[in-house]
Amino acid sequence: MFNASQRKTGCQEVASGEGVPAHYPFTQDDFTRIRGLIYRSAGISLAPGKRDMVYSRLARRLRARELESFADYLRLLEGGDRQEMEAFINALTTNMTSFFREPHHFQILADRLVQLPKNRPASIWTCASSTGEEPYSIAMTAADALKNSVHARILATDIDTNVLATGRLGVYPIDQLQKLPAELLKRHFLRGEGRNQGFVRVRKELRQLVSFRQLNLLDESWPMRGKFDIIFCRNVMIYFDKVTQQAILKKLAACLQPDGLLFVGHSESFHSASDLFTICGNTVYKLCK
């Protein structure tokens, strides 16, 4: 059981206030400037066909700031409003995730965890943790593979501060976990009661394995020290162009232990980085020797 005050509730969009237009002027120049801004700030390469998506997501920000046009909004962003820039990046970041997504990765992870040295904690980084389903799937895998000697540290980073807050809380609608085995749910989650009925929370001992931090992969330097045994960077590179991909892959390679593993998404392949990584399993890579 967990307290109702700990559960983050969603907020429905409300009607715009008096004097705030329901529809906003949105020119091709506005869209081009937005594409450039999100590329420079987050490395995301927006396709030309994403114009309607951009309008839909950012119109909410215009309403929230009581602005009358995208030109006004762009002046705000380009004028250096750091708080709004964070909201802008959050709005245009796609967060698609689920527990044990691409399940073959977690069997490979379990096998590798039992092979790692016992004299230090296993070090794992998930680069796009979103709302926490991936790092908690990793934590559950570690707990089940290592039994009573769970010795692991999991760093969960994302550029989106909103999803990180959800991840730290570790509270999810139970409908989201319907495909998980009942015994796994019982081991690793607490069921909500009363006002929390219909929700579950990741148990404290698992939440303590995971540290959530904000990180932009485009940052010139990353604050992590030491190397990781495992890096999950799944369905991230598809949002970057080839130049950005190559720059990030070089930095990932520098963060990986010599015998470490890099897990990527099912639609990603790194033929252009064959000097850095070589494939060693189904969407799993290791460093070139």
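Residues numbered from 1 in each chain as written. Predicted model: local features only at pLDDT ≥ 70, side-chain atom pairs only at ≥ 80, totals over all residues. Heavy atoms only, no water.

Draft legend 1. Up close: the overall build of the chain. Counting secondary structure elements, the chain contains ten helices and ten strands. Computed over C-alpha atoms, the radius of gyration of the chain comes to 21 Å, within 12% of the 19 Å expected from 2.2 N^0.38 for 289 residues, which places it in the range of a compact globule. Principal-axis analysis of the C-alpha atoms gives the chain an extent of 60 × 55 × 30 Å. Expressed as a percentage of the 289 residues in the chain, the buried residues total 47%. Contacts in the chain between residues far apart in sequence, at least 24 positions, make up 74% of those at least 6 positions apart. Taking the average location of the 39 positive side-chain charges in the chain and that of its 30 negative ones, the two points are 7 Å from each other. (Helix = DSSP H or I, 4+ residues; strand = E, 2+ residues; numbered from the N terminus. Rg over C-alpha atoms; globule rule 2.2 N^0.38 Å. Buried < 20%, exposed > 50% of the residue type's maximum accessible area, 1.4 Å probe, protein only. Contact = heavy atoms within 4.5 Å. Lys, Arg positive; Asp, Glu negative; His and termini not counted. Charge placed at Lys NZ, Arg CZ, Asp CG, Glu CD.)

Draft legend 2. Up close: the packing of helix 5 (residues 104-113) against helix 6 (residues 133-146). In contact at an axis separation of 9 Å, helix 5 and helix 6 are set at 45° when each is read in the N-to-C sense. If you check the angle between helix 5 and helix 6, you find them oblique. The element helix 5 and its partner helix 6 pack so that their crossing is right-handed. Residues F106, L109, A110 and L113 of helix 5 pack against S137, I138, T141, A142, A145 and L146 of helix 6. Broken down by class, the residue content of the contact of helix 5 with helix 6 amounts to eight nonpolar, two polar and no charged. (Axes fitted to C-alpha atoms, helices over the stretch in contact; angles between N-to-C directions. Parallel < 35°, antiparallel > 145°, perpendicular 65-115°, else oblique. Left-handed = near helix turned anticlockwise from the far one by under 90°. Nonpolar A, V, L, I, M, F, W, Y, C, P; charged D, E, K, R; others polar.)

Draft legend 3. A look at the packing of aromatic side chains. According to the stated counting rule, one finds 15 aromatic pairs in the structure shown. One aromatic cluster is present, formed by Y24, F26, F31, Y55 and F70 through successive ring pairs. The cationic tip of R51 hangs over the ring face of F26; the distance from NZ or CZ to the ring centre is 5.1 Å. (Phe/Tyr/Trp six-rings, centres within 6.5 Å; stacked < 30°, edge-to-face > 60°. Lys NZ or Arg CZ within 6 Å of the ring centre and 35° of its normal.)

Draft legend 4. Representation of the side chain of D160 within the structure. Mapped onto the fold, D160 is located in the loop between strand 2 (152-158) and helix 7 (161-169). Setting aside residues up to four positions removed in sequence, D160 forms contacts with N90, T93 and N95.

Draft legend 5. Quick peek at the nonpolar core. F99, L109 and F189 are the most contacted members of the largest nonpolar core, which has 36 residues in total. Top element by residues in this core is helix 6. It accounts for seven residues. With residues near it in sequence (within four places) discarded, L109 still touches I124, I138, T141, I230, F232 and F263. Counting 27 residues, the second largest nonpolar core, distinct from the first, contains I231, C233, A273 and L276. (Core = buried A, V, L, I, M, F, W, Y, C linked by side-chain atoms within 4.5 Å.)

Draft legend 6. A look at the pattern of salt bridges. For the structure on display, the rule yields nine salt bridges. For R120, the salt bridge identified is with D229, shortest N-O distance 2.8 Å. Taken as a pair, R120 in the loop between helix 5 and strand 1 (122-126) and D229 in strand 7 (residues 228-233) lie far apart in primary sequence, 109 residues in all. Each member of the salt-bridge network shares a partner with another, and the members are R61, R65, D81 and E84. (Salt bridge = Lys/Arg side-chain N within 4 Å of Asp/Glu carboxyl O.)

Draft legend 7. Geometry of the pairing of strand 10 (residues 284-287). In the sheet, strand 8 (residues 256-264) pairs with strand 10 via three bridges, with the strands oriented antiparallel. Bridged to L262 within strand 10 is Y285. Here four bridges tie strand 9 (residues 277-281) to strand 10, and the two strands are oriented antiparallel to one another. Among the inter-strand pairings, T278 is bridged to a residue of strand 10, identified as K286. The turn joining strand 9 and strand 10, which pair antiparallel and follow one another in sequence, is formed by two residues; a positive phi near 55° is taken by T283. (Pairing = 2+ DSSP bridges.)

In short, geometric facts, not functional conclusions.
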